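# Observations on the three-dimensional arrangement
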Amino acid sequence: DLDMLAQCVSSFDCMFLDGEVVVTGTRTLRAAGDAPVATQVVSRDEVMASGARNAGELLQTVAGIQVRRGMRSGDGVSLELQGITPRRVLVLVDGQRVIGGPNGEIDLSRFPVEIIERVEVLRGAASALYGSDALGGVVNIITRRSEGPFHGEATLRYGKSVGESFDEFAESGDNWDAYGAVGFELGPVSNFVSGGLRMADAFDLYPSDLETNGSQVSEQRFYHQARLDTEGPLEFGSRFAYRQRDLRGIESTDSGATYDLRRLSESVTAGLDSSLDLGDESWIHGRVSYAYWNAQYVRDQRNDTAEDRYERSREDLAEASVQYSVPLLNGSQLLTVGVDALHQRMDSYRLGDEKGQRSRVSPFAQSEWTPSFAPSLVVVPGVRVDLDTQYGYAVSPKLNLRYDAHDSLVLRAGVGRGFRAPSFKELLLRFENPTANYQVSGNPDLKPEQGYSANLGAEWKVAQGVFLATDIFRNELRDLIGFELAGLELGTEQFTYMNIASAYTQGAQTTLTLRSTTGVTAVLGYMFTDSWDREEKRRLSYTSPHHVSARIRYSGEGYLPAVSLRSTWSSRAPGYEDLDGDGEEDEVVWFESQTSVDLRLSEHVMEEVEVFLGVDNLVDDGQFDKPLRPRTFYAGLTGKY
C-alpha cells in the first residue's frame, strides 16, 4: 500500500509493509517486515515533515534515543543509546565510518537533512558486523539518490530567537538556512547534487556575564552522488561531500579573564562502491572510501597574551570492504562473508611530537537461517575478528533470533559483544596545565573497552493503525578507560589513562504508534534506564533514568495546514565534581530535567511550492549544561520541480 508506506515513520510502523527496506542490522538489504534484527528507521517522509535541519535535530525526538549537546557550542548534538555514551556509538554514512569528533563523540548536526534519505538505528553491541566503536549500537545515515529524469528543490528559512536576551556579541538572534539540490539522469548515469549555507548568531542564557552558551555559526556544505547502472548485473556508485563550519564564542573564568574562542573545522569524504549480481540471489559488494578531518582551535585572551592558545588536529581514514552473499540449503540460509580494512592517522597538537597511526583487517561471517522444521523462526549467528596493529586482536560474536508468533506479533532476541578501541588521545596525549599544576599523559598499553549486550523485544499490531513495540535490554561494560593518578613529580600531579572501570546499563523501552484515517499519526515513546558505575559505586554521569518522546503529525486536508509537533522530556541526571582539588570527584551535582517542544505548520500554496512557519524550543527551556537555542520563531518556503 503506497499511501501507507509514504507515512512510515519507523521500522515498526512499516513492519507489515514490503516497501520499506533496511540494511544496517545484517549488512544485507531486507524489507523491514522481514528483517531478522530490529532496526529503527526514520524515513524520508518523516525527515521532510519534521522541520529538522540536520540529523541531530531529527533524532532528538525518536523514541529511545537521548541526545547530548555541546557545553558551549549550543549546536553540536551526539546521541546516547541504552544509557551508553556517544563515543561508544558508531556513526556511519552509507556504511562509511565518520571521523572528527572531540573525545570521540560525533556531532550529528554535521549532516543536513537535504542529503538524508533515511536514518537507521541499531541498538546494542554490533561489533560482530562493524567492529570497534559499535559497543552501544550503530547509527547509519543513508544518503539520497536521484529520484527521476530531472528534479530540483530549494529551501530558504529565516529564524529569530526571542527567548532569553542575547549578549553584546550577537544582539540580533538571527539565523538563516538555505540549500538547493538537483537530481538528473543521463542515460545510465544518475546524479544528485546539493549545496547549502547556514548562519546563526551566538546566544547567552545568562546575560549578566559575557560568556556565550551557544556559538555563532557559519557553515558551507556541498554533496554529490552519482550512480552508473549498466542495465546488467553490475552497478557503480560514487559519493563526495565537503563541509566547513566556523564556531565563535566567548568564555570567561572566575578570575575575571575573558577569552574569544574560535573553532574552525572542515571535512571531506569520498567513496566508490560497486555491486555485482551473480544471479540466484547471490551478489558481491565492494567499497573504498576516504575521509579527511581538519580542526583548528583558537583561544585569544582579551587584554593579555599569557594564556593564548592555538591547536590544530588532522585525521585521515582510508577504508576498503568487500562482502559476498550466497543462498544455501535450498534458499533456507543466506551466508554472508567479507572483510573490512582500514588505515587511520592523526596529527594533533596535544599528541606532542608523536603521530597516531593504526591499520586494521577484519574478516567477518554471518548466516541468516530459517530451519525447515520451524519456518516462523530466523536464526542469525555471526562473528568478526579485528586484527589491529595497536591492540592486537578482538573477537566479536553475536546471535539474533526472530520468531513470527502470529501474523500480528513478532518476537526478537539478541546477544552480542562490542568493543571500543582506545583513541589516539588516550594512547598518546601529552597535556600540561601549569596553572592547575597537573599533567595528563596517554597510555600506549591500553586495551579495548569491552561490552556484552542482551535484548529481548516484541512488536505487536494491536489493531488497524495501532502498533506497540517494547524492548528490554542489559549491557555489561568492562575495561572502561578513565583517569588515574600515576604519581607526583616536582610538585605536579601526573595523571594517565587506565582500563579501570566497569559498569552496567539496563532498562526498558516502549513505543506506541497510532495512525488514524483522518491523517493523524502519533508516535509516543518512553525509556527507563538504570545505569551503575561499579568502580565509583554510583550512577553513571549525565544519564537520565527517564526519557519521554512524542511525535504527532497531521497531514493536512482541504484548506487546513499540515502540522508537526515534536517533544522530548528527560528527567534530571547526576554529575560529579572535584570540590577539594584532590583529583577525585566527590560531590553530586544534579543537572535539571529538560523539556524540548518544536512546532511546525506548512501549506502548499501551489502544487510545487510549500510555505512553512514554526517555533523551536517553544517552552524556552535552556540550561548551561544542556544548552538549547532560546525560543526561535522561523518561516520559509520550499520549492520543488
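Let me sum up the structure you'll find in this document. This is a predicted model, so every value here is computed, not measured.

The next subject is the overall build of the chain. Counting its regular elements, the chain contains 5 helices and 35 strands. Taken over C-alpha atoms, the radius of gyration comes to 24 Å for the chain, in line with the 26 Å a tight globule of 641 residues would show. For the chain, with 641 residues in total, the buried portion stands at 53%. For the chain, the share of sequence-separated contacts (at least 6 apart) that also reach a separation of at least 24 residues comes to 61%.

It is worth spelling out the pairing of strand β5 (residues 77-81) at this point. Burial analysis of β5 places 5 of its 5 residues in the buried class, which makes it a mostly covered element. Side chains of β5 alternate between two faces, with Val77, Leu79 and Leu81 and Ser78 and Glu80 buried alike. Relative to β5, strand β4 (residues 65-69) runs antiparallel, the two sharing 5 bridges. Directly across from Val67, in β5, lies its bridge partner Leu79.

On the surface, Leu276, Leu278, Ile284, Val322, Tyr324 and Val337 cluster together into a nonpolar patch covering about 420 Å² of accessible area. Where the nonpolar patch is concerned, the elements lending two or more residues are β15 (258-279) and β17 (309-328).

This next bit is on the packing of aromatic side chains. Per the stated rule, a full pass over the model turns up 9 aromatic pairs. Considering the side-chain rings of Trp369 and Phe373, the 6.4 Å spacing of their centres and the 75 degrees angle between planes classify their relative orientation as edge-to-face. Accessibility expressed as a relative area gives 68% for Phe373, which makes it exposed. Seen in terms of ring centroids, Phe612 and Tyr634 are 6.2 Å apart; in terms of plane orientation they differ by 55 degrees. Their pairing is tilted. Within this pair, whereas Phe612 is found in strand β34 (residues 609-616), its partner Tyr634 is found in strand β35 (residues 632-640), the two being separated by 22 residues in sequence. Looking at Phe612, the relative accessible area reads 5%, which means it is buried. One Lys or Arg, Arg157, reaches over the ring of Tyr634 and ends 3.6 Å from the middle of that ring. Sitting over the face of the ring of Tyr576, Arg538 holds its NZ or CZ atom 3.7 Å from the ring centroid.

With that settled, consider the sheet that holds strand β8 (residues 116-123). Strand pairing in a sheet relies on backbone hydrogen bonds. The paired strands run either parallel or antiparallel. The strand order across the open sheet formed by 5 strands is β3-β8-β9-β6-β7, and the pairing between neighbours is mixed. Looking along the sheet, the strands with just one partner apiece sit at the ends: β3 (40-42) and β7 (96-97).

Here the focus is the environment of Leu601. Residue position: Leu601 is located in strand β33 (residues 594-606). The partly exposed category is assigned to Leu601, whose relative accessible area is 28%. Residue contacts for Leu601: discarding those within four places in its chain leaves Pro561, Ala562, Val563, Val611, Phe612 and Leu613.

The next subject is the pairing of strand β10 (residues 150-161). In this structure, β10 lies alongside strand β11 (residues 174-186), joined through 11 bridges in antiparallel fashion. The residue of β11 that forms the bridge with Leu156 is Ala178. Sheet topology places β10 next to β35; 9 bridges connect them, and they run antiparallel. The residue of β35 that forms the bridge with Thr155 is Thr638.

The next subject is the nonpolar core. The tendency in soluble globular proteins is for nonpolar side chains to be buried side by side. In terms of nonpolar packing, the biggest core is built from 28 residues, with Leu59, Leu79, Phe111 and Val119 touching the most fellow members. Among the elements of the structure, α3 (55-59), β5, β6 (89-93), β8 and β9 (137-143) are those that each provide at least two residues to this core. Setting aside chain neighbours within four positions, we find Leu79 in contact with Leu59, Ile65, Gln66, Val67, Thr85, Pro86, Val89, Leu108 and Val139. Met346, Leu351, Leu428 and Ile481 belong to the second-largest nonpolar core, a separate cluster that totals 12 residues.

Before going further, it helps to spend a moment on the side chain of Ser78. Among the structural elements, Ser78 can be located in strand β5. Residues contacting Ser78, with those up to four places away along its chain left out, are Gln66, Val67, Arg68, Pro86, Glu105 and Ile106.

The next thing to look at is the environment of Gln225. Mapped onto the fold, Gln225 is located in strand β13 (residues 216-229). Gln225 sits 35 residues away from Ser190 along the chain, and the two C-alpha atoms are 8.3 Å apart. Ignoring sequence-local partners within four residues, the contact set of Gln225 consists of Asp94, Thr143, Arg144, Arg145, Ser190, Asn191, Phe192, Ser238 and Arg239. Of the polar contacts made by the side chain of Gln225, one reaches the side chain of Thr143; its length is 3.0 Å.

Conventions we followed
Residues numbered from 1 in each chain as written. Predicted model: local features only at pLDDT ≥ 70, side-chain atom pairs only at ≥ 80, totals over all residues. Heavy atoms only, no water. Helix = DSSP H or I, 4+ residues; strand = E, 2+ residues; numbered from the N terminus. Rg over C-alpha atoms; globule rule 2.2 N^0.38 Å. Buried < 20%, exposed > 50% of the residue type's maximum accessible area, 1.4 Å probe, protein only. Contact = heavy atoms within 4.5 Å. Pairing = 2+ DSSP bridges. Patch = residues over 30% accessible without salt bridge, like charges linked within 9 Å, V, L, I, M, F, W, Y side chains within 5 Å. Areas by Shrake-Rupley, 256 points an atom, 1.4 Å probe, with all protein chains shown as cover. Salt bridge = Lys/Arg side-chain N within 4 Å of Asp/Glu carboxyl O. Phe/Tyr/Trp six-rings, centres within 6.5 Å; stacked < 30°, edge-to-face > 60°. Lys NZ or Arg CZ within 6 Å of the ring centre and 35° of its normal. Core = buried A, V, L, I, M, F, W, Y, C linked by side-chain atoms within 4.5 Å. Polar contact = N/O pair within 3.5 Å; in protein donor to acceptor, adjacent residues only side chain to side chain.

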